[in-house]
Amino acid sequence: MKYYSTNKQAPMASLEEAVVKGLAADKGLFMPETIKALPPSFYDEIEHLSFQEIAYRVADAFFGEDVPAETLKQIVYDTLSFDVPLVHVNDNIYSLELFHGPTLAFKDVGGRFMARLLGYFIRKEGKKDVNVLVATSGDTGSAVANGFLGVEGIHVYVLYPKGKVSEIQEKQFTTLGQNITALEVEGTFDDCQALVKAAFMDKELNEHLLLTSANSINVARFLPQAFYYFYAYAQLKKIKKADEVVICVPSGNFGNITAGLFAKRMGLPIKRFIAANNRNDIFYQYLQTGEYTPRPSVSTIANAMDVGDPSNFARVLDLYQNSHKAIKAEISSTTYTDEQISDTVNEVYKNTGYLLDPHGACGYRALQESLHKDEHGVFLETAHPAKFLETVESIIDEKVAIPQKLQEFMKGEKQSIEISKSFDDFKNYLLNCK
Ligand SMILES: *Cc1c(COP(=O)(O)O)cnc(C)c1O
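Fair warning: this is a prediction, and the values are worked out from it, not measured in the lab.

Enquirer: Honestly, the environment of H372 in this entry has me stumped. Any pointers?
Expert: Following the sequence through the fold, H372 ends up in the loop between α17 (358-370) and β12 (376-381). For the pair formed by H372 and I93, sequence separation is 279 residues and the distance between their alpha carbons is 11 Å. Ignoring any residue separated from it by four or fewer positions in sequence, one finds H372 in contact with K271 and R272.

Listed below in structure tokens is the structure:
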């Protein structure tokens, strides 16, 4: 399969090039040349397949031409060593719990898959010293760092905004050591993302270092996220609730929802999508006005969605050939204040006993406000509530049990390097690491 750039100014790339480079030379995002539909027989029997079986069929459609079947199967099965259960919350609303992986957020799926696929390419080429740069608003850093921990030939640099991620999130990528370095940036998530993008564009840096990105701009991180949309559908079908499915995705950089849009293109019967946002409502404004106006992000209690210029918006535009009308026909959007998010966490907990995290709360609320009576709604519960411990405990005024996996991370000692948000500082740092 060939990959083209959303900016259409760079040559087509192979999967390997797209994964190793991350971003195309013209700063566009890579898109697969074709999105293969899966046959009706697959959908007919989907409820009888396991998550891994489903995921392998989807992975084969994307990567089967470029990765040997046994290798791909191994990568998929190793990646998905945990379940993604669909849990009933209220009325016609279901939670797709994506937090049962090692770092308790959905990014484990893409992070683990990418680490394994990149590892395969590096071994195949006998490459060494690949540097993975990743900007994080909290959960990406931990998923990517844990996915790559100890992988030979790869060094990971995690850039995160100082003071803007929760202590638990921070511990998950600052305590690992080995081939993982945490860089604490004096700035916002957007500043971190800008530094990573600038590094890829810098000629001198790229002459000296082999750089790649593990943000959702990377196809190896972003496409595997399609797996669980199929599995959500399979679970609904099993309980005979698979008509008029609405999927709501708490969105920041829009990688997760874009993978869902791909799933729909592959024939998955999803009626419509909702992108749930916090006060960073750039996409919401785009739907209203047809104008895309990036703005600096504002801090909210759903901090993983504090994004002012969602990078995968370019993919959404490309997928719908820049048609505002076509986008609006399949995706709607909502935007919530911190107060609305807190109220939702609290109300749902008091009324149903289900504890949402602040991101999932945006997703739940959007469904609650918009589902018609014949529709079945699934929101992606993108992280475990204990990852946002202080916030969630103060909302419900109760202690939240910390899962064992998180407690293990809390025991480690934070190690990080502080850098400014100036690109020159970052560049010098990388050049001196060599
Ligand atoms: C990363 C993240 C999001 C946003 O996902 P995107 O793919 O960037 O839209 C939402 N919720 C949580 C908990 C996250 O970690």
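Resuming the write-up.
Enquirer: Help me understand the pairing of strand β4 (residues 93-97), please; the structure alone is not making it clear to me.
Expert: Each regular strand shows side chains that alternate between the opposite faces of the sheet. In terms of residue burial, β4 counts as a mostly covered element, since five of its five residues are buried. Of the two faces of β4, the one carrying I93, S95 and E97 and the one carrying Y94 and L96 are both buried. With four bridges joining them, strand β3 (residues 86-90) and β4 adopt antiparallel strand pairing. Bridging from a neighbouring strand, L86 pairs with L96 of β4. Linking β3 to β4, which pair antiparallel, is a turn of two residues; within it D91 sits at a positive phi near 45 degrees. Summarising the sheet, β4 and β12 pair through five bridges and their orientation is parallel. If you follow I93 over to β12, its bridge partner there is G377.

Enquirer: I tried to follow the packing of aromatic side chains on my own but got confused; where do I start?
Expert: The relative placement of two aromatic rings is captured by the distance of their centres and the angle of their planes. The tally for this structure, following the rule as stated, stands at 21 aromatic pairs. With 6.4 Å between their ring centres and 55 degrees between their planes, F62 and F262 make a pair best called tilted. Pair noted here: F62 is in helix α3 (residues 51-63) and F262 is in helix α12 (residues 255-265), with a separation of 200 residues, a long-range link. Each member of the pair F62 and F262 is classed as buried. Where Y364 meets F379, the ring centres are 5.9 Å apart and the plane angle is 90 degrees; that geometry is what we call edge-to-face.

Enquirer: How should the site of the ligand be read in this particular structure?
Expert: Every one of the 15 residues lining the ligand counts as a neighbour, but K107, D139, G252, N253 and F254 are closest to it. At a separation of 2.8 Å, an oxygen atom of the ligand approaches a polar backbone atom of G252. Between T382 and the ligand, the recorded distance is 2.8 Å, taken from a side-chain N or O atom to a nitrogen atom. For the ligand, the accessible surface in isolation is 390 Å², of which the surrounding protein chains cover 97%.

Enquirer: What exactly am I supposed to notice about helix α6 (residues 139-148) here?
Expert: Since one α-helical turn is 3.6 residues long, residues separated by three or four positions face the same way. Judged by how many residues are buried, α6 sits mostly within the fold: nine of ten residues are covered. The set of residues buried in α6 consists of D139, T140, G141, S142, A143, V144, A145, G147 and F148. In this structure, the buried side of α6 is in contact with α5 (107-125), β5 (130-135), β6 (154-161), α7 (167-174), β7 (180-185) and α10 (219-222). Remark: G150 follows α6 within two positions and exhibits a positive phi of approximately 80 degrees.

Enquirer: Looking at this structure, I do not really get the packing of helix α16 (residues 338-352) against α17. What am I missing?
Expert: Between two packed helices, the angle of one axis relative to the other and the distance separating the axes together describe the packing. Running from N to C, α16 and α17 point in directions that differ by 85 degrees, and their axes come no closer than 9 Å. Classified by the angle their axes make, α16 and α17 are roughly perpendicular. Two secondary-structure elements touch here, α16 through Q340, I341, D343, T344, V345 and V348 and α17 through P358, A361, C362, Y364 and R365. Looking at the contact of α16 with α17 residue by residue, the classes come out as seven nonpolar, two polar and two charged.

Enquirer: Help me understand unusual backbone geometry, please; the structure alone is not making it clear to me.
Expert: Peptide bonds are, in most cases, trans, and in most cases residues other than glycine have a negative phi. For N322, which is not glycine, the phi torsion reads 60 degrees and is therefore positive. Mapped onto the fold, N322 is located in the loop between α14 (313-319) and α15 (324-330). The backbone of D397 shows a phi angle near 55 degrees, a positive value even though the residue is not glycine. Along the polypeptide, D397 turns up in the loop between α18 (389-396) and α19 (404-410).

Rules and cut-offs
- Residues numbered from 1 in each chain as written.
- Predicted model: local features only at pLDDT ≥ 70, side-chain atom pairs only at ≥ 80, totals over all residues.
- Heavy atoms only, no water.
- Helix = DSSP H or I, 4+ residues; strand = E, 2+ residues; numbered from the N terminus.
- Contact = heavy atoms within 4.5 Å.
- Buried < 20%, exposed > 50% of the residue type's maximum accessible area, 1.4 Å probe, protein only.
- Pairing = 2+ DSSP bridges.
- Phe/Tyr/Trp six-rings, centres within 6.5 Å; stacked < 30°, edge-to-face > 60°.
- Near = heavy atom within 4 Å.
- Polar contact = N/O pair within 3.5 Å; in protein donor to acceptor, adjacent residues only side chain to side chain.
- Areas by Shrake-Rupley, 256 points an atom, 1.4 Å probe, with all protein chains shown as cover.
- Axes fitted to C-alpha atoms, helices over the stretch in contact; angles between N-to-C directions.
- Parallel < 35°, antiparallel > 145°, perpendicular 65-115°, else oblique.
- Nonpolar A, V, L, I, M, F, W, Y, C, P; charged D, E, K, R; others polar.

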